[in-house]
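Residues per chain are reported as follows:
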Amino acid sequence: GKTTTLLGIFDLIPDDAQALFMAFNNAIVGELKARTTPRENVRISTLHSYGLYQIKRRYGNVRINEKKALGKTELALRKFYIPEKQRGYYFYMVPKVLDLMRCNLIDPTEQELIQLSMHYDIQIDDSHIPVILYAFKKLCEDKTQVDFMDMIYVPVVDPTIRCMKYDYLLVDESQDMSVCQHQLIKKSLKRTGRL
């Protein structure tokens, strides 16, 4: 009934208000668009495409690279001279940790990493921490490409990205949103708006 409720709210949005409907996947966006009459003051989008749109407004045509975290992990492994025979676990663990750091808006500190690893039961020891922190730094510095998680993370943490503001924000499946996704929504809502 959540989607049906959103569709009912759609008809109640005043013509002079700006509204954004956000969904987790393209299938739900397609369903919302198919079941509504297009309105100029209402935008329907996935969270990721909305975030990517904000990034492109600021940085131009960035490249989508789903292996960005792997590439930054490779840079870190070379910098810290990690032997080839030890790299398998790093390639498994580091990109996963980088995603969790961004998803949960974790500060890139040793203490935060340890807490994150305990919460998600990930084996991180002292030798992994500099590699993770270096890879995270390189990931955040690279504005020429984005991965799936960057589409949410970058608009939230980059103070030079000014998200479009909406009077009303409606989110399908909001109970499943991460800390970072919640912040993207908050950054897009006018002070007087309704969520």
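Our subject in this report is the structure included herewith. Just so it is clear, the model here is predicted, and its values are computed rather than measured.

Rules behind the numbers
Position labels on residues start from 1 in each chain and follow its written sequence. Reporting in this predicted model follows two pLDDT cut-offs: at least 70 for local features of residues, and 80 or more for side-chain atom pairs to be given and counted; totals over whole chains, interfaces and linings ignore these cut-offs and use all residues. Values reported for side chains reflect all heavy atoms of the structure, with hydrogen atoms and water molecules removed beforehand. For salt bridges, the criterion is a side-chain nitrogen of Lys or Arg within 4 Å of an Asp or Glu carboxyl oxygen. Put simply, DSSP H or I for four residues or longer makes a helix, DSSP E for two residues or longer makes a strand, and each gets a number counted from the N terminus. A simple rule labels every residue: compare its accessible area, found with a 1.4 Å probe on the protein chains alone, to the largest value its type can have, and call it buried under 20%, exposed over 50%, or partly exposed in between. The criterion for an aromatic pair is that two Phe, Tyr or Trp rings (for Trp, the six-membered ring) have centres within 6.5 Å, with stacked assigned to planes under 30 degrees apart, edge-to-face to planes over 60 apart and tilted to the rest.

In total, this model carries 12 salt bridges according to the counting rule given. Taking the shortest distance from any N to any O, the salt bridge between R87 and E74 comes out at 3.1 Å. One end of the pair, R87, is in helix α5 (residues 87-103); the other, E74, is in helix α4 (residues 68-79), with 13 residues separating them in the sequence. The exposure class assigned to R87 is buried, which follows from its relative accessible area of 10%. Salt-bridge contacts for R102 lead to D99; the nearest nitrogen and oxygen are separated by 2.6 Å. Here R102 and its partner D99 are both found in helix α5, three residues apart, which amounts to about one turn of the helix.

All told, the structure shown has five aromatic pairs when counted by the stated rule. An angle of 85° between the planes, with centres 5.9 Å apart, marks the rings of F80 and Y134 as edge-to-face. One end of the pair, F80, is in the loop between α4 and α5; the other, Y134, is in helix α7 (residues 128-141), and 54 residues separate them in sequence. Taking the relative accessible area as the measure of exposure, F80 reaches 31% and is therefore partly exposed.

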